[in-house]
Amino acid sequence: MAAEEETQETDEHTEAPNFMGKVIGAAAQGATAAIVAAILSAVTEPLVNRLLVKRMTFGQAWQEVTLSLVANFFLTTFPTNMLKFPVFEVINIVLSFTSLAGSIRGIVNGWLFCTIMLPVTNYRFRKSMGWEIKANLLYQAYIPTVARDIVYGWARAVVGVKVVAAISATTVLGKAVQFGVVIWAACIISSPCNEWRGYTLQPPDRKLPFSVYFKPINYMRSTGIGSTIMGIALMAGMLVNPYAEEFFGYLKGHPAMAAVTLVLVLCFVGFLNKKK
């Protein structure tokens, strides 16, 4: 009896550090992915948001997105990603310790993440569009956004199982393609809620009528191009992430090189701002 109690106590003590270790590890992994994604998002988000809200063609959006805008927006995507990605990974790993089914975990994850991070999401959205930041608008479009994130989280969990079963992948590239297909499909499935969010976020003085905003051609262009961009960007991020982890690990062990890298990045951003 005493031996059983001792074993149980030991198991509890082992489980606690294991849980905390996984949470801390997930946060660290999320931080590395955040840096990679910040670079990709600085290019893709201004394009996708213009397709979604302004209903531009891809050519029009591409012309409006300049190198200086991308460099400036990176100064937004980097710190906001350092909040968003670790939070997402920590929520994900905490839910993995529950008995919830994968699809239900996706729904809970989407709801929690949106509720916690919507002010950051909306701040970033307005920066990508070059709009004024107003505190009272940081929780704008909560209902369509939380609906989108819940559907997206559920779709990623459900589609992920289907894609893994349908596409056999043993290489890093194959797994990245799997991941890209899952992201693309999840974006398509959650797109009605994303379109609802885009319609809600329009400025009142430039708001398109419902009949114009939701024209089939506008929906197909915004969803098709936007989903493809997100799928390719996150697939590329998955491919680059191991090398980024190795690089940041090197910088961690060489503080002088890390300082030089930071100075070079800041000088490059400053140079682009002067050219603006």
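These numbers were taken from a predicted model, which means no experiment stands behind them. (Residues numbered from 1 in each chain as written. Predicted model: local features only at pLDDT ≥ 70, side-chain atom pairs only at ≥ 80, totals over all residues. Heavy atoms only, no water.)

1. Comments concerning the nonpolar core
In plain terms, the rule: In plain words, nonpolar cores are sets of buried Ala, Val, Leu, Ile, Met, Phe, Trp, Tyr and Cys residues tied together by side-chain atoms within 4.5 Å. Accessibility here uses a 1.4 Å probe with only protein chains present; expressed as a share of the type maximum, an area under 20% marks a residue as buried, one over 50% as exposed, and anything in between as partly exposed. Strands here are runs of E lasting at least two residues and helices are runs of H or I lasting at least four, both read from the DSSP assignment and numbered beginning at the N terminus. We call two residues contacting when some pair of their heavy atoms lies within 4.5 Å.
Among the nonpolar cores identified, the biggest contains nine residues, and these are Leu52, Val53, Phe125, Met129, Trp131, Ala141, Tyr199, Leu201 and Tyr213. The set of elements that each furnish at least two residues to this core consists of helix H1 (2-54) and helix H4 (102-129). Apart from the residues lying within four places of it in its own chain, the contact partners of phenylalanine 125 are Asn49, Val53, Trp131, Arg197 and Leu201. If you look at the next biggest cluster of nonpolar residues, it comprises eight residues, including Met56, Ala61, Val65 and Val70.

2. Examining the confidence of the model for the protein
This is how the line gets drawn: Along the chain, pLDDT gives the predictor's confidence residue by residue, from 0 to 100.
When pLDDT is averaged across the protein, the result is 79; 84% of the residues are at 70 or more. The element-level mean pLDDT for the protein is lowest in H1, coming to 64, with helix H7 (residues 191-200) highest at 92. Predicted confidence is poor over residues 1-15, with pLDDT under 50, and the contacts of this stretch with residues over four places away or in other chains come to zero contacts.

3. Digging into unusual backbone geometry
Unusually for a residue other than glycine, arginine 55 sits at a positive phi of about 60 degrees. Within the secondary structure layout, arginine 55 lies in the loop between H1 and helix H2 (58-64). Residue classification places arginine 55 among the buried positions, given a relative accessible area of 8%. The phi dihedral of alanine 141 is positive, around 60 degrees, even though this residue is not glycine. Its place among the elements puts alanine 141 in the loop between H4 and helix H5 (142-166).

4. Quick word on the packing of H5 against helix H6 (residues 172-189)
The packing of two helices is summarised by the inter-axis angle and the distance between the axes. Let me state the cut-off plainly: Orientation is described by lines fitted to C-alpha atoms, with helices fitted over the stretch in contact, and by angles between N-to-C directions that extend from 0 to 180 degrees. For classification purposes, angles smaller than 35 degrees are called roughly parallel, those larger than 145 roughly antiparallel, those between 65 and 115 roughly perpendicular, and all remaining angles oblique. We call a crossing left-handed when the near helix sits turned anticlockwise from the far one by less than a right angle, and right-handed when that turn is clockwise. Polar here means any residue outside two lists: the nonpolar Ala, Val, Leu, Ile, Met, Phe, Trp, Tyr, Cys and Pro, and the charged Asp, Glu, Lys and Arg; Gly therefore counts as polar.
Two elements in contact, H5 and H6, have axes whose closest approach is 8 Å; the angle formed by their N-to-C orientations is 140 degrees. When the axis of H5 is compared with that of H6, the two are oblique. The hand of the H5/H6 crossing is right-handed. In contact with Val151, Tyr152, Trp154, Ala155, Arg156, Val159, Gly160, Val163 and Val164 of H5, H6 contributes Gln178, Phe179, Val181, Val182, Ile183, Ala185, Ala186, Cys187 and Ile189. Among the residues forming the contact of H5 with H6, the class breakdown is 15 nonpolar, two polar and one charged.

5. Overview of the side chain of asparagine 122
Applied cut-off: For the purposes of these results, a polar contact is taken to be a pair of N or O atoms within 3.5 Å, where, inside protein, one atom must be able to donate a hydrogen and its partner to accept one; residues adjacent in sequence count only when each atom of the pair is a side-chain atom.
Mapped onto the fold, asparagine 122 is located in helix H4. Among the polar contacts listed, one links the side chain of asparagine 122 to the backbone oxygen of leucine 138, at a separation of 3.0 Å.

6. Overview of the environment of valine 158
Note on placement: valine 158 falls in helix H5. Once the C-alpha coordinates of valine 158 and glycine 106 are considered, the two residues, 52 residues apart in sequence, prove to be 8.8 Å apart.

7. Section: the packing of aromatic side chains
Think of a pair of aromatic rings as described by two things: how far the centres are apart, and how the planes are tilted against each other in angle. To keep it simple, the criterion reads: Between 30 and 60 degrees the pair is tilted, below 30 it is stacked and above 60 it is edge-to-face, where a pair is any two Phe, Tyr or Trp rings, Trp via its six-membered ring, whose centres lie within 6.5 Å. In our convention, an over-ring charge means Lys NZ or Arg CZ found within 6 Å of a ring centre and within 35 degrees of that ring's normal.
For the coordinates displayed, the defined rule picks out nine aromatic pairs. Here the aromatic rings of tyrosine 199 and phenylalanine 210 are separated by 5.9 Å at their centres, their planes lie at 85 degrees, and the arrangement is edge-to-face. Of this pair, tyrosine 199 sits in helix H7 while phenylalanine 210 sits in helix H8 (residues 210-213), and the two are 11 residues apart along the sequence. You can call tyrosine 199 buried: its relative accessible area is 18%. When the centroid spacing of 4.9 Å and the interplanar angle of 70 degrees are considered together, the rings of tyrosine 213 and phenylalanine 214 count as edge-to-face. The class of tyrosine 213 is buried, set by a relative accessible area of 0%. If you follow arginine 55 out to its NZ or CZ, it ends over the ring of tyrosine 213, 3.8 Å from the centre.

8. Some points on the side chain of arginine 55
Separated by 3.0 Å, the side chain of arginine 55 and the backbone oxygen of leucine 52 make a polar contact. Apart from residues no more than four positions distant in its own chain, arginine 55 is found in contact with Arg50, Glu195, Leu208, Tyr213, Asn218, Tyr219, Arg221 and Ser222.

9. Here's the deal with the environment of isoleucine 225
By secondary structure assignment, the location of isoleucine 225 is in helix H9 (residues 216-253). On the basis of relative accessible area, isoleucine 225 is assigned to the partly exposed category, the value being 25%. Distance in space between the C-alpha atoms of isoleucine 225 and phenylalanine 58 is 8.0 Å, their sequence separation being 167 residues.

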